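One-letter residues, chain by chain:
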Amino acid sequence: MTRDNVVVWWLRTDDAGVNLSRLETMLDSDEQARAARFHFQRDRLSYIAAHALGRILLSAHAGGDPTGWRFVTGDHGKPEVLSPHSEQRLRLNLSHTVGLAAAALTFDHDIGIDVEWLGREPITEPAQHFFAPAECAHLAAVAPGLTHEIFLTYWTLKEAYVKAIGKGMAQPLDSFAFKLDPPSIQFDSERAGNPAHWLFRRFQPTHDHVMALALRHPNPRAVTVSTIDASQEFLRQQT
Ligand SMILES: CC(C)(COP(=O)(O)OP(=O)(O)OC[C@H]1O[C@@H](n2cnc3c(N)ncnc32)[C@H](O)[C@@H]1OP(=O)(O)O)[C@@H](O)C(=O)NCCC(=O)NCCS
């Protein structure tokens, strides 16, 4: 992997073959303590899978044992890899939802990933509470049967972006707007930066999930993105 590559792995967690206890041993004691606090087993499984997947992805590209990685947390809660053995800074972001865990890795550049389960309850709050006017207008115009999926497509792009800049929900979600085909961003202030320095990708990793990737890069056209459904490979190696 070079500075211009992004690697995205995802893992289905509804597969009966996922060996939860094996994956859990890869987590550090803080992660294991957090895993123990989930009320629902399906959420615990996705959390453990995402954190194990991130560790295995790091080791696959930078060597070392998956259990050895350490992380620090930024101002708004964004975890960053401590990469003592690498001259380049490893940048990892994780996302997990019912049935799916995902991890995105690159060098140096700000990166964010988000996955959502299409089976989740539709959001009952008006879209205006989350989205910019142009996004709301698009949502109002789509066929009713598509509203939920388009809503979650915007949602994943927005979350991937706020995760890439590290601010999470501290960033007002209507301060930027997406177009979907192909995905691109517009800011309501020049201070937010240059929209041309962002790469966004949309994915449908399963029939039941949507996923989005955000990367800040001075030359997005130079970037290659590799995606791997790690489910089979991962299970073979870890069980
Ligand atoms: C970071 C945030 C935006 C993502 O939350 P989420 O979509 O619920 O969860 P995801 O599974 O996609 O991502 C969680 C992971 O992102 C990482 N993360 C946490 N804070 C982060 C931040 N500020 N920036 C980037 N990544 C962050 C962590 O690895 C976290 O994993 P963990 O909780 O297992 O430790 C969260 O701050 C949040 O508040 N979400 C609220 C959801 C919401 O209302 N979204 C509306 C969007 S339109």
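Heads up: the structure comes first, above all this text.
It should be emphasised that the depicted structure is a prediction, and the values quoted were computed from it without experimental measurement.

Conventions adopted
Residues numbered from 1 in each chain as written. Predicted model: local features only at pLDDT ≥ 70, side-chain atom pairs only at ≥ 80, totals over all residues. Heavy atoms only, no water. Near = heavy atom within 4 Å. Polar contact = N/O pair within 3.5 Å; in protein donor to acceptor, adjacent residues only side chain to side chain. Areas by Shrake-Rupley, 256 points an atom, 1.4 Å probe, with all protein chains shown as cover. Helix = DSSP H or I, 4+ residues; strand = E, 2+ residues; numbered from the N terminus. Nonpolar A, V, L, I, M, F, W, Y, C, P; charged D, E, K, R; others polar. Buried < 20%, exposed > 50% of the residue type's maximum accessible area, 1.4 Å probe, protein only. Pairing = 2+ DSSP bridges. Axes fitted to C-alpha atoms, helices over the stretch in contact; angles between N-to-C directions. Contact = heavy atoms within 4.5 Å.

Q: Explain the site of the ligand here, please?
A: Lining the immediate surroundings of the ligand are 20 residues, of which Arg34, His51, Ser95, His96 and Glu159 lie closest. A distance of 2.7 Å separates an oxygen atom of the ligand from a polar atom in the side chain of arginine 34. In isolation the ligand exposes 920 Å². Once the protein is present, 77% of that is buried. At the level of elements, helix 3 (41-62), strand 4 (90-97) and helix 5 (147-164) are the ones that each hand at least two residues to the shell around the ligand. Take the shell around the ligand: its biggest share by element is 4 residues, from strand 4. Residues that form the shell around the ligand fall into these classes: 7 nonpolar, 8 polar and 5 charged.

Q: Explanation requested: the pairing of strand 8 (residues 184-187) in the structure shown.
A: Residues Ile185 and Phe187 of strand 8 are buried on one face, while the alternating residues Ser184 and Gln186, pointing to the opposite face, are not. Counting the residues that bridge the hairpin from strand 7 (residues 176-179) to strand 8 gives 4 residues.

Q: Looking at this structure, how should I read the pairing of strand 2 (residues 70-73)?
A: Here strand 2 runs beside strand 3 (residues 79-82); their pairing, made up of 4 bridges, is antiparallel. What sits directly across from phenylalanine 71, in strand 3, is valine 81. Between strand 2 and the antiparallel strand that follows it, strand 3, lie 5 residues; glycine 77 among them carries a positive phi value of about 95°.

Q: Just to check I follow, could you spell out the sheet that holds strand 10 (residues 209-216) for this structure?
A: One open sheet holds the 3 strands; their spatial order is 6-10-9, and the pairing between them is antiparallel. Two strands close off the open sheet at either side, each with one partner strand: strand 6 (111-117) and strand 9 (198-206). Strand-to-strand twist in this sheet, taken as the mean axis angle between neighbours without regard to direction, amounts to 15°. Alignment of strand 6 against strand 10, held across 7 bridges, turns out to be antiparallel.

Q: Help me out: how do you make sense of the sheet that holds strand 11 (residues 224-229) in this one?
A: Backbone hydrogen bonds hold the strands of a sheet together, and the pairing may be parallel or antiparallel. With mixed pairing, the 4 strands of this open sheet are ordered in space as 4-5-1-11. What marks the edges here is a single partner per strand, and that holds for strand 4 and strand 11. Strand-to-strand, the axes of this sheet are offset by a mean angle of 15°, without reference to chain direction. Taken together, the 6 bridges between strand 1 (residues 5-12) and strand 11 define a ladder with parallel strand orientation. Considered in strand 11, the bridge of tryptophan 9 is made with isoleucine 228. Here helix 3 sits on the sheet in contact with strand 1, strand 4 and strand 5 (100-107), set at roughly 155° to strand 4.

Q: In this structure, what is going on with the environment of tryptophan 10? I would like to understand it.
A: Tracing the chain through its elements places tryptophan 10 in strand 1. Considering only alpha carbons, one finds tryptophan 10 and leucine 45, 35 residues apart in sequence, at a separation of 14 Å. Excluding residues within four positions of it along the chain, tryptophan 10 makes contact with Leu53, Leu100, Ala101, Ala102, Pro205, Met211, Thr227, Ile228, Asp229, Ala230 and Ser231.

Q: Would you take a moment to explain unusual backbone geometry for this structure?
A: Glycine aside, the phi torsion of most residues is negative, and most peptide linkages are trans. Here the residue pair aspartate 181 and proline 182 is connected by a cis peptide bond, since its omega of -5° sits within 30 degrees of zero. As for its placement among the helices and strands, proline 182 is situated in the loop between strand 7 and strand 8. In the Ramachandran plot, aspartate 108 falls in the positive-phi region, its phi being about 70° despite a non-glycine side chain. Residue position: aspartate 108 is located in the loop between strand 5 and strand 6.

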